[in-house]
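# Coordinates in review
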Amino acid sequence: MKIATWNVNSLKVRLPQVLQWLTDNPVDVLCLQETKTVDEKFPVAEIEAAGYHVVYTGQKTYNGVAILSRHPITDVVKNNPLFEDEHQRIIIGTIQGVRIICAYIPNGQSLESDKYQYKLRWLAGLHALLAQELKQHENVALLGDYNIAPEDRDVHDPVAWQGQVLVSEPERAAFVRMQEMGFTDAFRMFEQPEKLYSWWDYRQMGFRLNRGLRIDHILLSPALAKRCTACVIDKVPRKWEQPSDHTPVIATLD
DNA sequence: ATGGCATGGTTTCCATGA
């Protein structure tokens, strides 16, 4: 079973790329973030025609998440029942016995911003949700745009980024807390190329200069980590015309 | 030097992203 995550930065703009990518990479599950699409305008027919079931929750302009799956999706939950939130940032479903949590964690903007405090509160709510899901399910996977680069090796220029949003100590502590709950960063289970990231700034030739961050992750519960045989970042779509600034992460489960 | 680019909506600028 292959599960993947991709922040598409507008599904309306990126739908052709999503369909192309799924043709090239027929994964079982693809979690999307930043669909930026209200539910009434979600491209259900196009995705179903590609052979995928889909569940989604969106809003106007911002945020929005979806799970695409080759297999039926059951027990769907939209948003975090333990954290009141105007934003559509979480969708959960069970696929082939795996509890798939698709999350778009807030950006935080800057340490001085109210949005940063919201991010930290949101992460505390996520911790509570994960604890609840772990009680109920053995196979839990959290896939998405975390907006956290866990370690300095996940940052192209750790000195320039030191203390900034996405790498600040409280954010990294929130990531560590998930690891302490039993989750494993699938990417770091395996030997990886150096300086491989999942996001690059659109500006100033960020991708060409490999000025990136690894902020999109797949965390696996203990039972799933045992089944994980590979995890890769696919940089190919970032090279396409009019790309998302993020690129997909894929984990393979036995 | 707080810019640079991309997206969607309130559309010819603004908010947001990371």
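Residues numbered from 1 in each chain as written. Chains lettered and ligands numbered in written order. Predicted model: local features only at pLDDT ≥ 70, side-chain atom pairs only at ≥ 80, totals over all residues. Heavy atoms only, no water.

## Overview of the overall build of chain A
The criterion, for reference: Helix numbering and strand numbering both begin at the N terminus, where a helix is a DSSP run of H or I of at least 4 residues and a strand a DSSP run of E of at least 2. When we talk radius of gyration, it's over C-alpha atoms, and the globule rule is simply 2.2 Å times the number of residues to the 0.38. The classification of residues rests on relative accessible area computed with a 1.4 Å probe and restricted to protein chains. Under 20% of the type maximum is buried, over 50% is exposed, and intermediate values are partly exposed. Throughout, a residue-residue contact means that at least one pair of heavy atoms, one from each residue, lies within 4.5 Å. Working definition of accessibility: Shrake-Rupley area with a 1.4 Å probe, residue cover restricted to the visible protein chains. Two residue types count as positive, namely Lys and Arg, and two as negative, namely Asp and Glu; His and chain ends fall outside the count. Charged side chains are reduced to one point each, which is NZ for Lys, CZ for Arg, CG for Asp and CD for Glu.
In terms of regular secondary structure, chain A is built from six helices and 14 strands. By the compact-globule yardstick of 18 Å for 254 residues, chain A fits well, its C-alpha radius of gyration being 17 Å. The principal-axis extent of the C-alpha atoms belonging to chain A is close to 45 × 45 × 40 Å. Taking all 254 residues of chain A together, 57% fall into the buried category. A separation of at least 24 residues holds for 68% of the contacts in chain A among residues at least 6 apart in sequence. Approximately 11,500 Å² of chain A is accessible, and the part contributed by carbon and sulfur atoms is 49%. Chain A carries 28 positive and 32 negative side-chain charges, and their two centres are separated by 3 Å.

## Structural notes on the sheet that holds strand β3 (residues 53–57)
Put simply, the rule reads: A pair of strands is labelled paired if DSSP reports no fewer than 2 bridges between them. Between the N-to-C directions of two axes lies an angle of 0 to 180 degrees, each axis being a line fitted to C-alpha atoms and, for a helix, fitted only over the stretch in contact.
Taken in spatial order, the six strands line up as β3-β4-β2-β1-β14-β13 in an open sheet, and their pairing is mixed. Each edge of the open sheet is held by one strand with a lone partner, namely β3 and β13 (228–233). Adjacent strand axes in the sheet meet at a mean angle of 10 degrees, parallel and antiparallel pairs treated alike. Where strand β1 (residues 2–7) lies against strand β14 (residues 249–253), four bridges are found, and the strand directions are antiparallel. If you follow Thr-5 over to β14, its bridge partner there is Val-249.

## Considering the protein's contact with DNA strand B
Inclusion rule: Throughout, the term near means that a residue has one or more heavy atoms lying within 4 Å of the molecule or strand in question. Whenever two N or O atoms come within 3.5 Å, that pair is a polar contact, provided that in protein one can donate a hydrogen and the other can accept it, and provided that, for residues adjacent in sequence, both atoms are side-chain atoms. Ten residues, namely Ala, Val, Leu, Ile, Met, Phe, Trp, Tyr, Cys and Pro, are considered nonpolar, four, namely Asp, Glu, Lys and Arg, are considered charged, and the remaining ones, Gly among them, are considered polar.
Near DNA strand B lie 25 residues; those nearest to it are Ser-10, Arg-14, Asn-107, Asn-147 and Arg-203. When the atoms of DNA strand B within 4 Å of the protein are sorted by group, sugar and phosphate make up 68%. At a separation of 3.4 Å, a phosphate oxygen of DNA strand B approaches a polar side-chain atom of Asn-7. Contact distances for DNA strand B include 2.6 Å between a base nitrogen and a side-chain N or O atom of Arg-203. Take the surface near DNA strand B: its biggest share by element is three residues, from helix α1 (residues 11–24). The class makeup of the residues in the surface near DNA strand B is eight nonpolar, nine polar and eight charged.

## Things to note about the packing of helix α3 (residues 114–136) against helix α5 (residues 169–180)
For clarity, the threshold we go by: Just so you know how the angles are binned, under 35 degrees is roughly parallel, over 145 roughly antiparallel, 65 to 115 roughly perpendicular, and the rest oblique.
With their axes 11 Å apart at the nearest point, α3 and α5 run at an angle of 5 degrees to one another. Classified by the interaxial angle, the pair formed by α3 and α5 is roughly parallel. Side by side, α3 and α5 meet where Tyr-116, Lys-119, Leu-120, Leu-123, Leu-126, His-127 and Leu-130 of the first sit next to Pro-170, Glu-171, Ala-174, Arg-177 and Met-178 of the second. In terms of residue class, the contact of α3 with α5 is made up of eight nonpolar, one polar and three charged.

## What to know about the sheet that holds strand β8 (residues 140–145)
Taken in spatial order, the six strands make up an open sheet running β5-β6-β7-β8-β12-β9, and their pairing is mixed. Among the strands making up the open sheet, the edge pair consists of β5 (74–78) and β9 (184–185). Sheet topology note: the β9/strand β12 (residues 216–220) ladder contains two bridges and is antiparallel. The residue bridging Thr-184 from the neighbouring strand is Leu-220, located in β12.

## Some words on the pattern of salt bridges
Where we set the bar: The salt bridge criterion pairs a side-chain nitrogen of Lys or Arg with a carboxyl oxygen of Asp or Glu, the two atoms within 4 Å.
Per the counting criterion, the structure on display carries nine salt bridges. Note that Lys-119 and Glu-171 form a salt bridge whose closest N and O atoms lie 2.5 Å from each other. One end of the pair, Lys-119, is in helix α3; the other, Glu-171, is in helix α5, and 52 residues separate them in sequence. Relative accessible area serves as the criterion here: at 0%, Lys-119 is assigned to the buried category. Owing to a relative accessible area of 0%, Glu-171 belongs among the buried residues under this scheme. Two residues, Asp-154 and Arg-214, come together in a salt bridge whose shortest N-O distance is 2.7 Å. Note that Asp-154 is positioned in the loop between β8 and α4 (158–161) and Arg-214 in the loop between β11 (212–213) and β12, a separation of 60 residues in sequence. Its relative accessible area of 0% is what places Asp-154 among the buried residues. Accessibility expressed as a relative area gives 1% for Arg-214, which makes it buried. Through salt bridges with shared partners, one network takes in Asp-154, Asp-185, Arg-188 and Arg-214.

## Description of the UniProt feature "domain: Endonuclease/exonuclease/phosphatase" (unreviewed entry) in chain A
Just so we agree on the cut-off: UniProt positions are given in the numbering used here, feature names are shortened, and annotations may be inferred rather than shown by experiment.
Within this structure's numbering, the places UniProt gives as "domain: Endonuclease/exonuclease/phosphatase" (unreviewed entry) are residues 4–246. Split by type, residues 4–246 is 27% helix and 25% strand. Its first and last C-alpha atoms lie 13 Å apart.

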